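Fold and contact review
Chain by chain, the residues run as shown.
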Amino acid sequence: MAFDPSFLKPGCNIVVAAADVFDRTGGIASVSRSVVDALKQAVPPSGALTVLSLHDGPGTTEGEAATSAEYRFSGFAGSTAGFALALTRVALSADCIVVTHVRLAVPLMLLPKFLRPRLIVLAHGSESWKRLKSSSRRVFRAADLVLTNSRYTLEHVMHAQPGVTAMECLLGLSTHITLQTRLPPPRVGAPLSFQAADGQV
């Protein structure tokens with residue numbers, strides 16, 4: 001399955017919404033760092049990358065360099081209300097939002113469909129198919145693309161939610177792996193490819 005990343009155009013505004021990026025360790029935090037690092041290299045210099053983190057502190061400044069695009073980071077120190085308000089506000093001017101957990105995108109469902117940007121949701125495991133809340137199902141149905149961390153998760157997502165656009169992707173890679181590192185191909189579909197102005201990620 002191919003995904004057209006035409007949202008990475010000159011002047012694009014990309015948002016990453018994460019539970020944790022820098023202040024915590026763990027699988028989902030590692031995925032968030034990998035996504036942020038990849039998009040720093042993929043967003044054109046004339047574009048902007050905004051990172052919203054629910055649990056990171058507001059003073060976090062790690063990673064502000066290493067990108068030629070405009071970079072903004074906001075941490076909300078666990079304030080779900082502040083995070084939700086900021087996410088819905090930036091959504092109005094974003095070209096695409098990448099959320100690293102389905103529950104983070106629930107506030108976006110309050111916006112009319114015509115006001116929502118493209119939405120990419122990362123799926124990590126049973127939160128994507130087992131005892132799903134109706135609000136989570138709505139997010140998955142609204143997503144332009146669901147990226148799963150394994151074939152196992154992909155098969156369960158497709159079985160539990162027929163019609164969802166989903167593919168397996170190599171998530172959670174070490175942030176020390178560069179874009180030039182040769183990686184094994186995913187087992188299902190094609191790897192996600194971001195076409196930037198100066199190359200391919």
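Residues numbered from 1 in each chain as written. Predicted model: local features only at pLDDT ≥ 70, side-chain atom pairs only at ≥ 80, totals over all residues. Heavy atoms only, no water.

This part is about the packing of aromatic side chains. This structure, assessed with the given rule, holds two aromatic pairs. Ring centres 5.9 Å apart and planes at 85 degrees place the aromatic pair F76 and F83 in the edge-to-face group. For the residue pair F76 and F83, the accessibility class agrees, reading buried in each case. Where W129 meets Y152, the ring centres are 5.8 Å apart and the plane angle is 75 degrees; that geometry is what we call edge-to-face. Linking W129 in the loop between β5 (118–123) and α3 (134–142) with Y152 in helix α4 (residues 151–160), this pair joins segments that are 23 residues apart in sequence. We classify W129 as buried; its relative accessible area is 16%. Given a relative accessible area of 51%, Y152 falls into the exposed group. Its end group placed over the ring of Y71, K40 keeps NZ or CZ at 4.8 Å from the ring centre. (Phe/Tyr/Trp six-rings, centres within 6.5 Å; stacked < 30°, edge-to-face > 60°. Buried < 20%, exposed > 50% of the residue type's maximum accessible area, 1.4 Å probe, protein only. Helix = DSSP H or I, 4+ residues; strand = E, 2+ residues; numbered from the N terminus. Lys NZ or Arg CZ within 6 Å of the ring centre and 35° of its normal.)

A few words now on α3. Every buried residue of α3 is listed here: S136, V139 and F140. Across the axial projection of α3, the buried residues extend over an arc of 95 degrees, all falling on one side. When the buried face of α3 is taken as reference, the exposed residues oriented beyond 90 degrees from it are S134 and R141. Tucked into the core, α3 has its buried residues touching β5 and β6 (145–148). (Arc of directions from axis to C-beta. Contact = heavy atoms within 4.5 Å.)

Residues that lie three or four places apart on an α-helix share one face, since the helix turns once every 3.6 residues. Along its twelve residues, helix α2 (residues 80–91) runs 16 Å from first to last C-alpha, staying within 8% of the 16 Å computed at 1.5 Å per residue. Buried positions along α2 lie against β1 (13–18), β2 (48–53) and β4 (96–99). (Expected span 1.5 Å × (residues − 1).)

If you walk across this open sheet you meet the seven strands as β3-β2-β1-β4-β5-β6-β7, and the pairing is parallel. Of all strands in the sheet, those bounded by a partner on one side alone are β3 (70–75) and β7 (166–168). The sheet shows a mean angle of 15 degrees between the axes of neighbouring strands, direction not considered. Bridging between β1 and β2 involves six bridges; their strand directions are parallel. Directly across from A17, in β2, lies its bridge partner L52. (Pairing = 2+ DSSP bridges. Axes fitted to C-alpha atoms, helices over the stretch in contact; angles between N-to-C directions.)

What follows is about the pattern of salt bridges. Inspection of every chain in the model, using the stated rule, returns two salt bridges. For the salt bridge of R72 with E70, the shortest nitrogen-to-oxygen distance reads 2.5 Å. Across the pair E155 and R151 runs a salt bridge whose closest N-O atoms are separated by 3.0 Å. Of this pair, E155 and R151 both sit in helix α4, separated by four residues, roughly a single helical turn. On the accessibility criterion, R151 (40% relative accessible area) is partly exposed. (Salt bridge = Lys/Arg side-chain N within 4 Å of Asp/Glu carboxyl O.)

What follows deals with unusual backbone geometry. The residue A77 is not glycine, and still its phi comes out positive at about 50 degrees. Relative to the helices and strands, A77 resides in the loop between β3 and α2.

Together, L92, F114 and L115 give the surface a local cluster of nonpolar side chains, amounting to about 340 Å² of exposed area. Mapped onto the fold, L115 is located in the loop between β4 and β5. Overall, L115 belongs to the partly exposed group, its relative accessible area being 34%. (Patch = residues over 30% accessible without salt bridge, like charges linked within 9 Å, V, L, I, M, F, W, Y side chains within 5 Å. Areas by Shrake-Rupley, 256 points an atom, 1.4 Å probe, with all protein chains shown as cover.)

As a further point, take the side chain of T153. Counting through the fold element by element, T153 comes out in helix α4. At 3.2 Å, the side chain of T153 forms a polar contact with the side chain of N149. Discounting residues that sit within four places of it in the chain, T153 has contacts with A123, H124, G125, W129 and T148. (Polar contact = N/O pair within 3.5 Å; in protein donor to acceptor, adjacent residues only side chain to side chain.)

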